[in-house]
Amino acid sequence: EVQLVESGGGLVQPGGSLRLSCAASGFTFSSYWMSWVRQAPGKGLEWVANIKQDGSEKYYVDSVKGRFTISRDNAKNSLYLQMDSLRAEDTAVYYCARIRCSRTSCYIDDWGQGTLVTVSS
Amino acid sequence: DIQMTQSPSTLSASVGDRVTITCRASQSISNWLAWYQQKPGKAPNLLIYDASSLESGVPSRFSGSGSGTEFTLTISSLQPDDFATYYCQQYTSYPYTFGQGTKLEIK
């Protein structure tokens, strides 16, 4: 059974930093692209970032470029999101997600339960 | 960026009804579209990928269709467990983008 367990969320002041972690189990972590998706309170889903199996490719939504960094440690079956220069609009539940790739497409197929990040003074 | 627009935003229906949710893309995305179901306080759950492929374990009353810019999610006979919010998402190009969601409510 696929398990994705996020941690590291909490309350942080504007301009501060936070590092989210996602512990993966139940599948061969090093074989999958991984993703972070967020959801502001009462709002819809917003894709944040993707990372390739070996970490050699990373993609971000424009609103977090230069502030957030996605990374992974395949030896520890872990995904990370380093969030710097946090703003109030970054307040959201952050989901770790697995990406399934066929020969022709890659899409999110499994999600963690999420960790809440609140940016407020 | 590719904009995804769902309609309606809210849908009221009864158990046993057949319902359809529409998702439109601002440009062609071929069939690179997924549908997710989300219940309050829970993570989303994959229902449909590649516009019309049913995810393993998802009941057959869910179906997806469409290609290019217009897509639909159909639930053939609503069950009590189906009342939730549904999102479409394109994965043809970065940034991946989601529709704003359709909340399916009990009439």
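The present account deals with the structure reproduced in this document.

Conventions we followed
- Residues numbered from 1 in each chain as written.
- Chains lettered and ligands numbered in written order.
- Predicted model: local features only at pLDDT ≥ 70, side-chain atom pairs only at ≥ 80, totals over all residues.
- Heavy atoms only, no water.
- Helix = DSSP H or I, 4+ residues; strand = E, 2+ residues; numbered from the N terminus.
- Rg over C-alpha atoms; globule rule 2.2 N^0.38 Å.
- Buried < 20%, exposed > 50% of the residue type's maximum accessible area, 1.4 Å probe, protein only.
- Contact = heavy atoms within 4.5 Å.
- Areas by Shrake-Rupley, 256 points an atom, 1.4 Å probe, with all protein chains shown as cover.
- Lys, Arg positive; Asp, Glu negative; His and termini not counted.
- Charge placed at Lys NZ, Arg CZ, Asp CG, Glu CD.
- Buried area = accessible area lost by both parts, 1.4 Å probe.
- Salt bridge = Lys/Arg side-chain N within 4 Å of Asp/Glu carboxyl O.
- Polar contact = N/O pair within 3.5 Å; in protein donor to acceptor, adjacent residues only side chain to side chain.
- Nonpolar A, V, L, I, M, F, W, Y, C, P; charged D, E, K, R; others polar.
- Pairing = 2+ DSSP bridges.
- Axes fitted to C-alpha atoms, helices over the stretch in contact; angles between N-to-C directions.
- Core = buried A, V, L, I, M, F, W, Y, C linked by side-chain atoms within 4.5 Å.

**Quick look at the overall build of chain B**
Moving on, step 1. Regarding its fold elements, chain B presents zero helices and 11 strands.
Moving on, step 2. The C-alpha atoms of chain B give a radius of gyration of 13 Å, which matches the 13 Å a tight globule of 107 residues would have.
Moving on, step 3. Projected onto its principal axes, the C-alpha coordinates of chain B cover approximately 35 × 25 × 25 Å.
Moving on, step 4. Across the 107 residues in chain B, those meeting the buried criterion constitute 52%.
Moving on, step 5. Nonlocal contacts in chain B, meaning residues at least 24 apart in sequence, comprise 56% of its contacts between residues at least 6 apart.
Moving on, step 6. When the accessible surface of chain B is summed, it comes to about 4600 Å², and 44% of that surface belongs to carbon and sulfur atoms.
Moving on, step 7. Treating the 7 positive side-chain charges of chain B as one cloud and the 8 negative ones as another, the clouds have centres 7 Å apart.

**Digging into the interface of chain A and chain B**
Moving on, step 1. Of the residues lining the interface, 22 residues belong to chain A; the matching set on chain B comes to 16 residues.
Moving on, step 2. Between chain A and chain B lies a buried interface of about 1800 Å² when both sides are counted; carbon and sulfur atoms form 60% of it.
Moving on, step 3. For the chain A face of the interface with chain B, the top three residues by lost area are A:Leu45, A:Trp47 and A:Tyr107, together amounting to 32%.
Moving on, step 4. Our count for the chain A to chain B interface comes out at one salt bridge.
Moving on, step 5. The interface formed by chain A and chain B includes nine residue pairs in polar contact (both at pLDDT 80 or more).
Moving on, step 6. When contributions to the side of chain A that touches chain B are tallied by element, the ones reaching two or more residues are β4 (33–39), β5 (45–51), β9 (92–101) and β10 (106–111) of chain A.
Moving on, step 7. Its residues placed into classes, the side of chain A that touches chain B shows 11 nonpolar, seven polar and four charged.

**With respect to the sheet that holds strand β8 (residues 78–83) of chain A**
Residue and element names in this part refer to chain A.
Moving on, step 1. If you trace the four strands from one edge of the open sheet to the other, you get β1-β3-β8-β7, paired in antiparallel fashion. Each end of this open sheet is capped by a strand with a single partner; those strands are β1 (3–7) and β7 (68–73). Pairs of neighbouring strands in the sheet enclose a mean axial angle of 15 degrees, with direction left out of account.
Moving on, step 2. Across five bridges, the pairing between β1 and strand β3 (residues 18–25) is antiparallel.

**A closer look at unusual backbone geometry**
Residue and element names in this part refer to chain B.
Moving on, step 1. Omega for the bond connecting Ser 7 with Pro 8 falls within 30 degrees of zero, at -10 degrees, which places this linkage in the cis form.
Moving on, step 2. Locating Pro 8 in the fold gives a position in the loop between β1 (4–7) and β2 (10–13).
Moving on, step 3. The omega torsion across Tyr 94 and Pro 95 is -5 degrees, close enough to zero to call that bond cis.
Moving on, step 4. Along the chain, the position of Pro 95 falls in the loop between β9 (85–90) and β10 (97–98).
Moving on, step 5. At Ser 30, a residue that is not glycine, the phi angle is positive and equals roughly 55 degrees.

**Brief notes about the nonpolar core**
Moving on, step 1. Counting 47 residues, the largest nonpolar core has A:Trp36, A:Leu79, A:Leu81, A:Met83, A:Tyr94 and A:Trp111 as the members making the most contacts within it.
Moving on, step 2. When residues of this core are assigned to their parent elements, the largest contribution, six residues, is made by β9(A).
Moving on, step 3. Apart from residues no more than four positions distant in its own chain, A:Leu81 is found in contact with A:Leu18, A:Arg19, A:Leu20, A:Trp36, A:Val48, A:Phe68, A:Thr69, A:Ile70 and A:Tyr94.
Moving on, step 4. Among the nonpolar cores identified, the runner-up in size contains 25 residues, and B:Met4, B:Ala13, B:Ala51 and B:Leu104 belong to it.

**Brief notes about the sheet that holds strand β8 (residues 70–75) of chain B**
All names here are of chain B.
Moving on, step 1. Spatially, the four strands line up as an open sheet ordered β1-β3-β8-β7, and their pairing is antiparallel. Every other strand in the sheet has two partners, leaving β1 and β7 (62–67) as the edge strands with one partner each. Strand after strand, the sheet turns through a mean of 20 degrees between neighbouring axes, direction not considered.
Moving on, step 2. Relative to β8, β7 runs antiparallel, the two being bridged by six bridges. Bridging from a neighbouring strand, Ser 63 pairs with Thr 74 of β8.

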